[in-house]
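Results of the structural survey
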Amino acid sequence: MSPLFPALAAGSTRPALQFGDQALSHAELATVAGALAARIAGAPRVAVWATPTLGTAVGVVAALLAGVPVVPVNPKTGERELTHIVTDSSPALVLAERGVELPPILAELARLDTDVNHVTDATGVPRETGPATAPPTEPSPEAPALIVYTSGTTGPPKGVVLPRRAVAATLDALEDAWQWSEADVLVHALPLFHVHGLILGILGPLRRGGSVRHLGRFATDGVARELSSGATMLFGVPTMYHRIAEALADDPALAKALTGARLLVSGSAALPVHDHERIAAATGRRVIERYGMTETLMNTSVRADGEPRAGTVGVPLAGVALRLVDETGAEIAAYDGDTVGEIQVRGPNLFTEYLNRPDATDAAFDDGWFRTGDMAIRDPDGYVRIVGRKATDLIKSGGYKIGAGEIENVLLEHPGVREAAVTGEPDEDLGERIVAWIVPAQADAPPSAEELAAHVGAQLASHKRPRTVRYLDALPRNDMGKIMKRALGG
Ligand code: MCA
Ligand code: AMP
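Given the structure is predicted, the values throughout are model-derived calculations rather than measurements. (Residues numbered from 1 in each chain as written. Chains lettered and ligands numbered in written order. Predicted model: local features only at pLDDT ≥ 70, side-chain atom pairs only at ≥ 80, totals over all residues. Heavy atoms only, no water.)

Overall, the predicted model of the protein reaches an average pLDDT of 94, with 96% of residues at or above 70. Low confidence marks residues 129-134, where pLDDT is under 50. Its contacts with residues over four positions away, or in another chain, come to 12 contacts. (pLDDT = per-residue confidence, 0-100. Contact = heavy atoms within 4.5 Å.)

As structure tokens, this is what we get:
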């Protein structure tokens, strides 16, 4: 396979990464990441403490150059989830920025700095030159590149093993769909421990030889500043576009900046048509949506040269086979804008397996097709519209996928909780909001919502904290004793 990052190998002096006042060209990144790669080469696996910083990008690139599979870790993960991820993936090393205090389970591992302050002097000239930037032989296309953890309906998150072939295939299919080139300057503020922010948002620009400016934290003024000073593309989850739509009415500079962008892309959850329309009315520009999944990387997109259509995720990307199947497993032939089926996909963009979970890997496939669990219809011209998902126990909040069962288990361990159920409720800002339904152990002394959120946050990732807590005398159950979430509105 050709190198994942040709511009790095070529030593391009064009800008590559910018995080606040820290920046690296492709050549500088090759030097810094190359030096780090030499130190980690041969390790079976590394974890990266994935803060939204330049060091994280350098650490991930270094691991990929060294051919060492990388496990990005959400720095806001609580104890139980972190223990699971570290035990399951058993990294030999952890890469983190200098000075960052790591939780005990990671602090026990050998640690390497990703800090790049010492690499360039004040004028941006590298202080030292590193060893060769690429390993002597490019790893096999099937070699694992990343292991990204993703929630299921029950149980702890599963490690999705993504081979180098899938990363290359998805980024090259997006090059075609979006006319993504080295001239593009991407701006985003996505977290760097998921596919969207890391693979599309950092590795994407690097593979194209273009650049990315990361905002550190999402804010509409940062988006406006970058899009009015050379950035050409914006990636975001619907919550970010919703906040942009809200701000546009009072922010002409933001409207002007968006109007000048080449491409505004939304993904990770459905962008409501209302937000599409508000952004189009204020800027004259249409946000385009693409549809993907941790296991499949990107499957479909509205093309840059195609008709933007709100409420759709466009057409299958180059190389991706997509079919709809009915509840009997039979393929739906219709392109009638009406018949609903589950989306199944096949292609070079797919993961290899769930780490240490052959049972779950087997169950995820139907005769070679990956079952996405997403329900959709197809327009006569092939545009896909996602209309729902099979599992009601999966919540999408702020673009994060969250399993209800995992939160319920943690809530049930709180001494003040007798029974617990978790549902997702519609939320204008987040798409869905996590709601915890609690039967307190003592009716006259229920644990507070803040206490329960803190309890969940200490064990799981911070975005899994319930935003709303409702107290009941009993949970609605059917004759079999199963909780009837529909009766809770979930
Ligand atoms: C949050 N807060 C809370 C609670 N939840 N406080 C108490 N109780 C709670 N339950 C706090 C936060 O910690 C924060 O405090 C404050 O509320 C407001 O947070 P803010 O940053 O404004 O927003 P947010 O609501 O926390 O987050 C919105 C977000 C975030 C920035 C849009 O959800 C986000 O980054 N989403 C991206 C998800 C993503 O990348 N998904 C990709 C996976 P403080 O300020 O003190 O911290 S999907 C994927 O990869 C597939 C392949 C795909 O298709 O893309
Ligand atoms: P994750 O497993 O966190 O990677 O999330 C993948 C899921 O996000 C998919 O199965 C879809 O349900 C959802 N998703 C991603 N992009 C879109 C989109 N543009 N529209 C609707 N849902 C989406």
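Right, picking up where we left off after that structure.
So, about the packing of helix H9 (residues 238-248) against helix H11 (residues 273-283). It is the contact of H9 with H11, at a shortest axis distance of 9 Å, that shows an interaxial angle of 45°. It follows that H9 is oblique to H11 by the angle criterion. In this structure, H9 crosses over H11, and the sense of that crossing is left-handed. Between H9 and H11, the residues in contact are Tyr241, His242, Ala245, Glu246 and Leu248 and Asp275, Arg278, Ile279, Ala282 and Thr283, respectively. Of the residues contributing to the contact of H9 with H11, the split by class is 5 nonpolar, 2 polar and 3 charged. (Axes fitted to C-alpha atoms, helices over the stretch in contact; angles between N-to-C directions. Helix = DSSP H or I, 4+ residues; strand = E, 2+ residues; numbered from the N terminus. Parallel < 35°, antiparallel > 145°, perpendicular 65-115°, else oblique. Left-handed = near helix turned anticlockwise from the far one by under 90°. Nonpolar A, V, L, I, M, F, W, Y, C, P; charged D, E, K, R; others polar.)

As a further point, take the packing of aromatic side chains. Tallied over the entire structure, the rule returns 8 aromatic pairs. Note on Phe365 and Phe370: the rings are 5.7 Å apart at their centroids and 65° apart in plane angle, and the pair reads as edge-to-face. One aromatic cluster is present, built from ring pairs that chain together Phe351, Tyr354, Phe365 and Phe370. For Arg309, the ring lying beneath its charged end belongs to Tyr383, and the centroid distance is 3.9 Å. Between Arg378 and the ring centre of Tyr335, over which it is positioned, the NZ or CZ distance is 3.9 Å. (Phe/Tyr/Trp six-rings, centres within 6.5 Å; stacked < 30°, edge-to-face > 60°. Lys NZ or Arg CZ within 6 Å of the ring centre and 35° of its normal.)

Taken together, the neighbourhood of ligand 1 is formed by 24 residues, with Ser268, Arg290, Gly398, Arg465 and Pro466 sitting nearest. In the model, an oxygen atom of ligand 1 is placed 3.0 Å from a nitrogen or oxygen of the His196 main chain. With respect to ligand 1, the side chain of Arg243 contributes an N or O atom lying 3.1 Å from an oxygen atom. The fraction of the free accessible surface of ligand 1 (1,100 Å²) that becomes covered by protein chains is 72%. Within the residue set of the shell around ligand 1, elements represented by two or more residues are helix H7 (195-208), H9 and strand E13 (288-293). Here the element with the most residues in the shell around ligand 1 is E13; it accounts for 3 residues. Its residues placed into classes, the shell around ligand 1 shows 9 nonpolar, 8 polar and 7 charged. (Near = heavy atom within 4 Å. Polar contact = N/O pair within 3.5 Å; in protein donor to acceptor, adjacent residues only side chain to side chain. Areas by Shrake-Rupley, 256 points an atom, 1.4 Å probe, with all protein chains shown as cover.)

A few words now on the sheet that holds strand E1 (residues 15-19). Pairing is mixed across the open sheet formed by 9 strands, whose spatial order is E2-E1-E10-E9-E11-E12-E13-E14-E15. Two strands close off the open sheet at either side, each with one partner strand: strand E2 (22-25) and strand E15 (315-316). Where E13 meets strand E14 (residues 297-301), 4 bridges bridge the pair, whose relative direction is antiparallel. Bridge pairing in E14 links Tyr291 to Thr300. H7 rests against E1, strand E9 (185-188), strand E10 (211-214), strand E11 (233-236), E13 and E14 of the sheet, and its axis sits at about 160° to E9. (Pairing = 2+ DSSP bridges.)

Judged by side-chain charge, Lys76, Arg217, Arg465 and Arg467 come together as a positively charged surface patch. With respect to the helices and strands, Arg465 occurs in the loop between helix H14 (449-459) and strand E27 (468-471). For Arg465, a relative accessible area of 40% gives the class partly exposed. (Patch = residues over 30% accessible without salt bridge, like charges linked within 9 Å, V, L, I, M, F, W, Y side chains within 5 Å. Salt bridge = Lys/Arg side-chain N within 4 Å of Asp/Glu carboxyl O. Lys, Arg positive; Asp, Glu negative; His and termini not counted. Charge placed at Lys NZ, Arg CZ, Asp CG, Glu CD. Buried < 20%, exposed > 50% of the residue type's maximum accessible area, 1.4 Å probe, protein only.)

It is worth spelling out unusual backbone geometry at this point. The backbone of Leu297 sits at a positive phi, close to 50°, despite the residue not being glycine. Take Leu297: it is sitting in strand E14. For Asp367, which is not glycine, the phi torsion reads 55° and is therefore positive. Topologically, Asp367 is positioned in the loop between strand E20 (365-366) and strand E21 (369-378).

The geometry of helix H3 (residues 54-66) relative to H7 is characterised by a closest axis approach of 11 Å and an angle of 70° between their N-to-C directions. For the element pair H3 / H7, the angle class is roughly perpendicular. H3 and H7 meet at a crossing whose hand is right-handed. Between H3, through Ala57, Val60, Val61 and Leu64, and H7, the contact on the second element is made entirely by Leu198, Ile202, Leu203 and Leu206. A per-class count over the contact of H3 with H7 returns 8 nonpolar, no polar and no charged.

All right, on to the pairing of strand E18 (residues 341-346) then. Among the 6 residues of E18, 5 are classified as buried, and the element is accordingly described as predominantly covered. Sheet topology note: the strand E16 (residues 321-325)/E18 ladder contains 5 bridges and is antiparallel. Within E18, the position partnered with Ala321 by the bridge is Arg346. Alignment of E18 against E21, held across 4 bridges, turns out to be antiparallel. Bridge assignment links Val345 to a residue of E21, and that residue is Phe370.

Let's shift gears to helix H10 (residues 252-259). Every buried residue of H10 is accounted for by Leu254, Ala255, Ala257 and Leu258. Taken around the axis of H10, the buried residues stretch over an arc of 165°, which confines them to a single face. Structural note: H10 exposes Pro252, Ala253 and Lys256 on the side pointing more than 90 degrees away from its buried face. Packing partners of the buried residues in H10 comprise helix H8 (220-227), E11, H9, strand E12 (263-266) and H11. (Arc of directions from axis to C-beta.)

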